[in-house]
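# Residue-level structure breakdown
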Amino acid sequence: MSKLPNIVTSIFTVMSKMASEHNAINLSQGFPNFAVDERLTDIVARLSKEEVHQYLPMSGYPPLLLKTAQLVQKSYNRIVHPETELLITAGATQGIFTAIQALVHPHDEVVILDPSYDSYEAPVLLCNAKTVRVDLNDNFTPNWERIEKAFSSKTKMIVINNPHNPTGKIWKEKDFEALEKILDKHPDVILLSDEVYEYITFEQQHISVHSRPKLFDRSVVVSSFGKSFHVTGWKVGYLVAPENLMKEIKKVHQFLVFCVNSISQIAICEYLDLVSVDELGTFYQEKRDYFRKLLQDSRFELMPCEGTYFQVASYASIPMAIGTDGDDVAFCERLITDYGVAAIPVSTFYADGKDRKLVRFCFAKDNATLEEAAKRLCTV
Ligand code: PMP
Ligand code: GLN
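Read on for an overview of the structure.

The next thing to look at is helix H2 (residues 38–47). Regarding H2, the residues found buried are Leu40, Ile43 and Leu47. Looking down the long axis of H2, one finds its buried residues gathered within 60° of arc, a one-sided arrangement. Each element contacted by the buried residues of H2 is listed here: helix H10 (262–271).

Contacts to ligand 2 come from Phe12, Gln29, Gly30, Tyr117, Asn165, Tyr197, Lys227, Phe310 and Arg360. At 2.6 Å, a backbone N or O of Gly30 approaches an oxygen atom of ligand 2. Within the side chain of Asn165, a nitrogen or oxygen atom sits 2.9 Å from an oxygen atom of ligand 2. In isolation ligand 2 exposes 300 Å². Once the protein is present, 80% of that is buried. Across the shell around ligand 2, the residue classes break down as four nonpolar, three polar and two charged.

The terminal C-alpha atoms of helix H3 (residues 62–76) lie 21 Å apart, and with 15 residues this matches the ideal 21 Å at 1.5 Å per residue to within 8%. Leu64, Leu65, Lys67, Thr68, Ala69, Leu71, Val72 and Tyr76 are the residues of H3 that are buried. Check the buried side of H3 and you find it contacts strand E2 (86–89), helix H8 (225–228), strand E8 (237–240) and H10. Asn77 sits one or two positions beyond H3 and adopts a positive phi of about 65°.

The next thing to look at is the packing of H2 against H10. Look at H2 against H10: their axes get within 9 Å of each other, and the N-to-C directions meet at 130°. Judged by the inter-axis angle, H2 sits oblique to H10. Crossing of H2 against H10: the hand is right-handed. Each of Arg39, Leu40, Ile43, Val44, Arg46 and Leu47 in H2 lies in contact with H10, whose residues at this interface are Ile263, Ile266, Ala267, Glu270 and Tyr271. Split by residue class, the contact of H2 with H10 holds eight nonpolar, no polar and three charged.

A word on the pairing of strand E4 (residues 130–135). Note that strand E3 (residues 109–114) and E4 share six bridges and pair parallel. Looking across to E4, one finds that Val111 is bridged to Val132. After leaving E3, the chain enters helix H5 (residues 121–126) and then returns to the sheet as E4, a path that is right-handed.

The antiparallel open sheet is built from four strands, whose spatial order is E9-E10-E13-E12. Strands at the two margins of the open sheet, each flanked by one partner only, are strand E9 (301–302) and strand E12 (344–345). As paired strands, E12 and strand E13 (residues 358–362) are joined by two bridges and run antiparallel to one another. Across the sheet, the residue bridging to Ile344 is Arg360, located in E13.

Turning to the pattern of salt bridges, a few remarks are in order. Pairs can form between side chains of opposite charge whenever their charged atoms are close. A full pass over the atoms with the stated rule returns 23 salt bridges. Ionic pairing is found between Lys214 and Asp184, a salt bridge with its closest N-O pair at 3.2 Å. Here Lys214 is found in the loop between strand E6 (190–194) and strand E7 (219–224), whereas its partner Asp184 is found in helix H7 (residues 173–185), with 30 residues between them in sequence. Across the salt bridge formed by Arg288 and Glu203, the nearest N and O atoms sit 2.8 Å from each other. Remark: Glu203 occurs in the loop between E6 and E7 and Arg288 occurs in helix H11 (residues 279–294); sequence separation between them is 85 residues. What emerges from the salt-bridge pattern is a single network uniting Arg46, Glu50 and Glu270.

Calculation notes
Residues numbered from 1 in each chain as written. Chains lettered and ligands numbered in written order. Predicted model: local features only at pLDDT ≥ 70, side-chain atom pairs only at ≥ 80, totals over all residues. Heavy atoms only, no water. Buried < 20%, exposed > 50% of the residue type's maximum accessible area, 1.4 Å probe, protein only. Helix = DSSP H or I, 4+ residues; strand = E, 2+ residues; numbered from the N terminus. Arc of directions from axis to C-beta. Contact = heavy atoms within 4.5 Å. Near = heavy atom within 4 Å. Polar contact = N/O pair within 3.5 Å; in protein donor to acceptor, adjacent residues only side chain to side chain. Areas by Shrake-Rupley, 256 points an atom, 1.4 Å probe, with all protein chains shown as cover. Nonpolar A, V, L, I, M, F, W, Y, C, P; charged D, E, K, R; others polar. Expected span 1.5 Å × (residues − 1). Axes fitted to C-alpha atoms, helices over the stretch in contact; angles between N-to-C directions. Parallel < 35°, antiparallel > 145°, perpendicular 65-115°, else oblique. Left-handed = near helix turned anticlockwise from the far one by under 90°. Pairing = 2+ DSSP bridges. Right-handed = clockwise from strand over helix to strand, strands pointing away. Salt bridge = Lys/Arg side-chain N within 4 Å of Asp/Glu carboxyl O.

This is the structure we're talking about:
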């Protein structure tokens, strides 16, 4: 019998595969298609001839741990101990999986806010625990009444994702105040904060759990160098957690990967001296604005995008436009086969799978790709 009977192949895999089979422009799975910074590829080329190919210490390359702690301090003014509170992971995905495996017990409940990224559910189920999925409001802000009601004596963890995939929404001060108030009443609940898009915010600044001291002793914060340095395929991320939680997380990590691949860690460590994460918001804001402008005469209605590199669009006003009265999955399939553009159907981020006539486009693409994709989308 399957341990995960209801878990299917991820929508990102499905849509990317279909895009490639149909030679469509792939705005589905979130990854950049422009060249990686030459300073980074030069470091890798040089390092490949050096002695960097053997195991590193289990928690991470010590100079990278140190520089990561400095990055957290510079960004959020939080002092993190590199040896006891930090862990380099094989992408945020492994960080999330490892933290959940280490901290969630059988029959515990984990609160997840929908629409939600797909990496949270399966690790909870593999702990023989249960997810409690709570819908965000229609404008994708957290609904604190519903969230509070979802807590029970069995609640072990709440997962938040800010900036938010897929909606591009970012949390406000009042959201954190509301969360802190609820968590005050539940002192044993752990907060897992997925902040992989922390440096990709636009008009408003990202508020990180790293800047909420009240939450430090119960939080695991997840980051991804893949997102911040345009190298999603490298799969390097990190976790920050207080020592008592991190001890448990490391017990799982050492048997899941032992250590993350050496050359990527050493390259990122050197690159951190050259690059500034402060440029990332402006870089992607230009792409967001350009993509939105290209689509302004289309029949898609563009939702606000405050952060991440995803644009959610409603196709509610073009119901039969591409000859399907099916759901958003069918709409996305037809978008690939008939129009040559791949997107992600947002219903797949919800436990109820209900069609809300929303699709997600990734705009982390070079301008030529965005132009051609928009040209095609304007004909829908
Ligand atoms: N969390 C969110 C919200 C994501 O969008 C992603 C995907 N890129 C991840 C985690 C996984 O990140 P990584 O590629 O570093 O494993
Ligand atoms: N995070 C990426 C997205 O939302 C997908 C990464 C993956 O396929 N695992 O598109």
